[in-house]
Amino acid sequence: MSKINVSVINFAELLPYKKALESLSPANQVGNLNASLLYSKDKNSLTLYVSDSTALAFVNIEATIEAEDISDDFGFYIDYRKFFDIIQSYKPEVRSTISMELALGPSSLKLFTSIDKLSLPHLEMNLDQVLEVQNSPLMEPPADFDFSLSQFEDRKDFLTGLTNCLKFIATTDKKNNALALYSDRLVVNDRRHIFIYNFETPIVLPTQPVSIHKLSAKILGALSRDTIEYFITQDMKRAIIQDKFATFVLNNSMSNIMPPSEEDLDSIRSQTQAFNMPTTQLAEIAGFFNQFYSSDMEQEPITLDIKDNALTFLLKDSGVVGYNSCNVERKAEAVIHPKEASTSTIINSSLRSFISLIPDDVNIDIFIDDSTPAVYLHTAKRKIYLAKLGWRRKE
């Protein structure tokens, strides 16, 4: 029987890749088989490949491999999610005893522990299928790069900015599906809001902004390793995420974002400080209103009403054809700055996401001006412009 025996598997390095791999949407080959597990005879190595229409990921499995009567590369289609789930179900002391056997003629994929013997679902790949995976066009090394993560002295600051931006990125892939990277900041925007994350130390970029597709941001956030490297090719078409054991190659040409210019921001930024309140109080109010939104509401509106030197938060939902209406008012203690009465309706989920990113309980200034279309909040690191729903410029 031709087979390989795999033992002393480094699961401590392998398992953290599961979350990053789940960012992809691989097509199933047969049933739930959604990945390729390939053995290279020349390298005596075992590699897990997961791909979808936009990306390819391959993870090298560090282990001791003994081959018996193997004449060429071979591979199996497997369900990588089930494989990871099985491994994670064992306690560390049992996990350390796990070994595997991949056999040909007939094919089998077996997993052994000190207490169990498992035969896992799989489908043997023919050699053409193996070569197709190994020789994917995405595997071709790029000639040059426009951006590299090594440009950042503080990688953690960049990765924190990416994960912050993911809270505000659009769910659709058709537009605004990316982040805009500038030398000093990250920007993400859609019709609901504009969110900006400022870097501690600026970098030098040949061209800016650089588009970062949200899939890259998700994978980088899932890995969050000090050893990680991230490249974007000069033509902006490919992004590569790489560390010691894994490489993700992504189609970055799908990135679609139209970030606002400084002139755009100046035109919508209110200079009028309307009120000031602690972030914990603002978070509590936003959380209170969150329980009143129904699943069929396209948006989560919350109205900030300033009148007679008092601040009131409002929700007025007419329900369905006048039934099940919901009207909520919450008076809030705040330092109101002298100004004319104003009413602004924004999206509560955007407000909640922004407040959740502020690490300390600080007093925050909220800027509102009836002549501008956004409510503006900012800290030293983060800024957000919250679009006013139904805003019209006064003549």
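Overall, the coordinates contain 18 aromatic pairs when judged by the stated rule. Taking 6.4 Å as the distance between ring centres and 70° as the angle between the ring planes, the aromatic pair formed by F195 and F354 counts as edge-to-face. Linking F195 in strand β14 (residues 193–198) with F354 in helix α10 (residues 348–356), this pair joins segments that are 159 residues apart in sequence. As far as burial versus exposure is concerned, F195 and F354 are alike and both buried. One aromatic cluster is present, built from ring pairs that chain together F147, F152, F158, Y197, F199 and Y230. For the cation-ring pair, R185 lies above Y182, with the distance from its terminal atom to the ring centre recorded as 3.9 Å. Its guanidinium or amino end placed over the ring of F288, R330 lies 4.1 Å from that ring's centre, counting from NZ or CZ.

Looking along the chain, the bond that leaves G105 and enters P106 is cis, with omega of -10°. The residue P106 is located in the loop between β7 (99–104) and β8 (108–112) in this model. Residue P209 is reached from Q208 by a cis peptide bond, and omega for that bond is 5°. Along the polypeptide, P209 turns up in the loop between β14 and β15 (210–213). Positive phi, close to 50°, is recorded for V8, a residue that is not glycine. With respect to the helices, strands and loops of the structure, V8 is situated in the loop between β1 (2–7) and α1 (11–14). By relative accessible area, which is 65% here, V8 ends up exposed. Even without being glycine, N44 reaches a positive phi, approximately 50°.

Sheet architecture is open: nine strands sit in the order β15-β12-β13-β14-β27-β26-β25-β19-β23, paired in antiparallel fashion. Where the open sheet ends on each side, the last strands, each with one partner, are β15 and β23 (335–336). Where strand β13 (residues 185–190) and β14 come together, six bridges link them in antiparallel fashion. Residue N189 lies in a different strand from β14, and its bridge partner there is I194. Against the sheet, helix α6 (residues 155–166) contacts β12 (178–181), β13, β14, β15 and β27 (382–387), and its axis sits at roughly 170° relative to β14. Sitting on the sheet, helix α7 (residues 214–223) is in contact with β12 and β15, with an inclination near 65° to β15.

Strand order across the open sheet formed by five strands is β5-β1-β7-β8-β9, with antiparallel pairing between neighbours. Sheet topology places β5 (64–68) and β9 (117–119) at the edges, where each strand pairs with a single neighbour. Each strand axis lies, on average, 15° off the axis of its neighbour in the sheet, ignoring direction. Across five bridges, the pairing between β1 and β5 is antiparallel. What sits directly across from K3, in β5, is E68.

Our focus in this paragraph is the packing of helix α9 (residues 279–290) against α10. Two elements in contact, α9 and α10, have axes separated by 10 Å at closest approach and are oriented at 145°. As α9 packs across α10, the resulting crossing turns out to be left-handed. The segment α9 lies against α10, with T279, L282, A283, A286, G287, F289 and N290 engaging N348, L351, R352 and I355. Across the contact of α9 with α10, the residue classes break down as six nonpolar, four polar and one charged.

Under the 1.5 Å per step criterion, the end-to-end length of α9 is 16 Å for 12 residues, consistent within 8% with the ideal 16 Å. Taken as a whole, α9 has its buried residues at T279, L282, I285, A286 and F289. Looking straight down α9, one finds that the buried residues subtend no more than 125° of arc, so they occupy a single side.

With respect to the element layout, I302 can be found in strand β20 (residues 301–307). For I302, the contacting residues outside a window of four places in its chain are F289, Y293, F313, L314, S344, T345, I346 and N348.

A word on the pattern of salt bridges. Under the criterion given, the structure shown has 11 salt bridges. Between K18 and D85 there is a salt bridge, with its nearest N and O atoms 2.5 Å apart. Of this pair, K18 sits in helix α2 (residues 17–21) while D85 sits in helix α3 (residues 80–89); the two residues are 67 residues apart in sequence, bridging distant segments of the chain. On the accessibility criterion, K18 (13% relative accessible area) is buried. Note that K381 is salt-bridged to E200, the shortest N-O span being 3.5 Å. Here K381 is found in the loop between β26 (374–378) and β27, whereas its partner E200 is found in the loop between β14 and β15, with 181 residues between them in sequence. By relative accessible area, which is 16% here, K381 ends up buried. Look at the salt bridges and you will find they share partners, linking K18, E22 and D85 into a network.

Thresholds applied
Residues numbered from 1 in each chain as written. Predicted model: local features only at pLDDT ≥ 70, side-chain atom pairs only at ≥ 80, totals over all residues. Heavy atoms only, no water. Phe/Tyr/Trp six-rings, centres within 6.5 Å; stacked < 30°, edge-to-face > 60°. Helix = DSSP H or I, 4+ residues; strand = E, 2+ residues; numbered from the N terminus. Buried < 20%, exposed > 50% of the residue type's maximum accessible area, 1.4 Å probe, protein only. Lys NZ or Arg CZ within 6 Å of the ring centre and 35° of its normal. Pairing = 2+ DSSP bridges. Contact = heavy atoms within 4.5 Å. Axes fitted to C-alpha atoms, helices over the stretch in contact; angles between N-to-C directions. Left-handed = near helix turned anticlockwise from the far one by under 90°. Nonpolar A, V, L, I, M, F, W, Y, C, P; charged D, E, K, R; others polar. Expected span 1.5 Å × (residues − 1). Arc of directions from axis to C-beta. Salt bridge = Lys/Arg side-chain N within 4 Å of Asp/Glu carboxyl O.

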